[in-house]
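What follows is the residue order along each chain.
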Amino acid sequence: MEFRLAGAADREAWLSLWNRYWADQGVDISTEVSETSWQRIENPDNTSKALVAVDAGGATLAFLNYIVHPCTCSERLLCFLVDLYVDPSRRRQGIAEAMIAHLAAEGRRQRWLRVYWNTDWSNEPARALYDKIARLSPYLSYFLDL
């Protein structure tokens, strides 16, 4: 399996998984939002990036979208892991853990301060993995919709 930054050749496979990701969450994501997200990922000057996991046959198995950004408490950058999705037929094979490890290794190379993410409290399979590889933040997330 190969992990790489998503590029133009990955658009259709990423989009297919992206749409399944949102459908699994019961969200009808618009074409415009999907296109904007992809344009950000594909733009080398944007801080939004995506990793894809590709098997030996060239099939895309998963994506991990992330944003690298400054932090007020350090000169080092932070990485927010925004979305992580593994094709349901390929789950429980270590792909998500390997993708996070790949992202963490890149962060160490670039000297980021940390990688952080959110997940739903009810997502027990994901939380079991996250509890194994990271520490639970003591902070709560609040949203102020605008």
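Residues numbered from 1 in each chain as written. Predicted model: local features only at pLDDT ≥ 70, side-chain atom pairs only at ≥ 80, totals over all residues. Heavy atoms only, no water.

A. Structural context of the confidence of the model for the chain. When pLDDT is averaged along the chain, the result is 95; 100% of the residues meet or exceed 70. Per-element confidence in the chain is highest for strand E2 (residues 48-54), whose mean pLDDT is 98, and lowest for helix H4 (residues 124-133), whose mean pLDDT is 92. (pLDDT = per-residue confidence, 0-100. Helix = DSSP H or I, 4+ residues; strand = E, 2+ residues; numbered from the N terminus.)

B. Local environment of the pattern of salt bridges. Per the counting criterion, the structure on display carries 9 salt bridges. Salt-bridge contacts for Glu-2 lead to Arg-4; the nearest nitrogen and oxygen are separated by 3.3 Å. A relative accessible area of 41% means that Glu-2 is categorised as partly exposed. Arg-4 gets classed as partly exposed once you look at its relative accessible area, which sits at 26%. Put simply, Glu-35 and Arg-11 hold a salt bridge, and the shortest N to O gap is 2.3 Å. Of this pair, Glu-35 sits in helix H2 (residues 31-42) while Arg-11 sits in helix H1 (residues 11-24); the two residues are 24 residues apart in sequence, bridging distant segments of the chain. Take Glu-35: its relative accessible area is 26%, and that puts it in the partly exposed class. Judged by relative accessible area, Arg-11 falls into the partly exposed class, the value being 25%. Within the structure, one salt-bridge network assembled from shared partners comprises Glu-2, Arg-4 and Asp-10. (Salt bridge = Lys/Arg side-chain N within 4 Å of Asp/Glu carboxyl O. Buried < 20%, exposed > 50% of the residue type's maximum accessible area, 1.4 Å probe, protein only.)

C. Main features of the sheet that holds strand E5 (residues 114-117). Here 5 strands make up an open sheet; going across it, the order is E1-E2-E3-E4-E5 and the pairing mixed. One side of each edge strand has no neighbouring strand; the edge strands of this open sheet are strand E1 (2-5) and E5. Sheet twist, expressed as the average angle between the axes of neighbouring strands with direction ignored, equals 30 degrees. Of the pairings in the sheet, the one linking strand E3 (residues 60-71) to strand E4 (residues 74-86) comprises 9 bridges and is antiparallel in character. When the sheet's bridge partners are listed, His-69 is paired in E4 with Leu-78. Taken strand by strand, H1 contacts E2, E3 and E4, and its axis lies near 85 degrees from that of E3. (Pairing = 2+ DSSP bridges. Axes fitted to C-alpha atoms, helices over the stretch in contact; angles between N-to-C directions. Contact = heavy atoms within 4.5 Å.)

D. Region of interest: H1. With 14 residues, H1 extends 20 Å between its outermost C-alpha atoms, agreeing within 8% with the 20 Å of an ideal straight helix rising 1.5 Å per residue. Among all positions in H1, only Trp-14, Leu-15, Leu-17, Trp-18, Tyr-21 and Trp-22 are buried. Where H1 is buried, its residues meet H2, E2, E3 and E4. After H1 finishes, the residue Gly-26 shows a positive phi value of roughly 75 degrees. (Expected span 1.5 Å × (residues − 1).)

E. Representation of the packing of helix H3 (residues 95-110) against H4 within the structure. It is at 11 Å that the axes of H3 and H4 come closest, and there the two elements cross at 40 degrees. Put simply, H3 runs oblique to H4. Classified by chirality, the crossing of H4 by H3 is right-handed. Residues Ala-96, Glu-97 and Ile-100 of H3 touch H4, and the partners they reach there are Leu-129, Tyr-130, Lys-132 and Ile-133. Among the residues making up the contact of H3 with H4, the classes are represented as 5 nonpolar, no polar and 2 charged. (Parallel < 35°, antiparallel > 145°, perpendicular 65-115°, else oblique. Left-handed = near helix turned anticlockwise from the far one by under 90°. Nonpolar A, V, L, I, M, F, W, Y, C, P; charged D, E, K, R; others polar.)

F. Representation of the nonpolar core in the model. By size, the foremost hydrophobic cluster in this structure holds 22 residues, and its most contacted members are Leu-64, Tyr-66, Leu-84, Met-99 and Leu-103. Breaking this core down by element, the ones donating at least two residues are E2, E3, E4, H3 and H4. Excluding residues within four positions of it along the chain, Met-99 makes contact with Phe-3, Leu-51, Val-52, Ala-53, Ala-62, Phe-63, Leu-64 and Leu-84. In terms of nonpolar packing, the next biggest core, distinct from the first, is built from 14 residues, Trp-18, Tyr-21, Trp-38 and Ile-41 among them. (Core = buried A, V, L, I, M, F, W, Y, C linked by side-chain atoms within 4.5 Å.)

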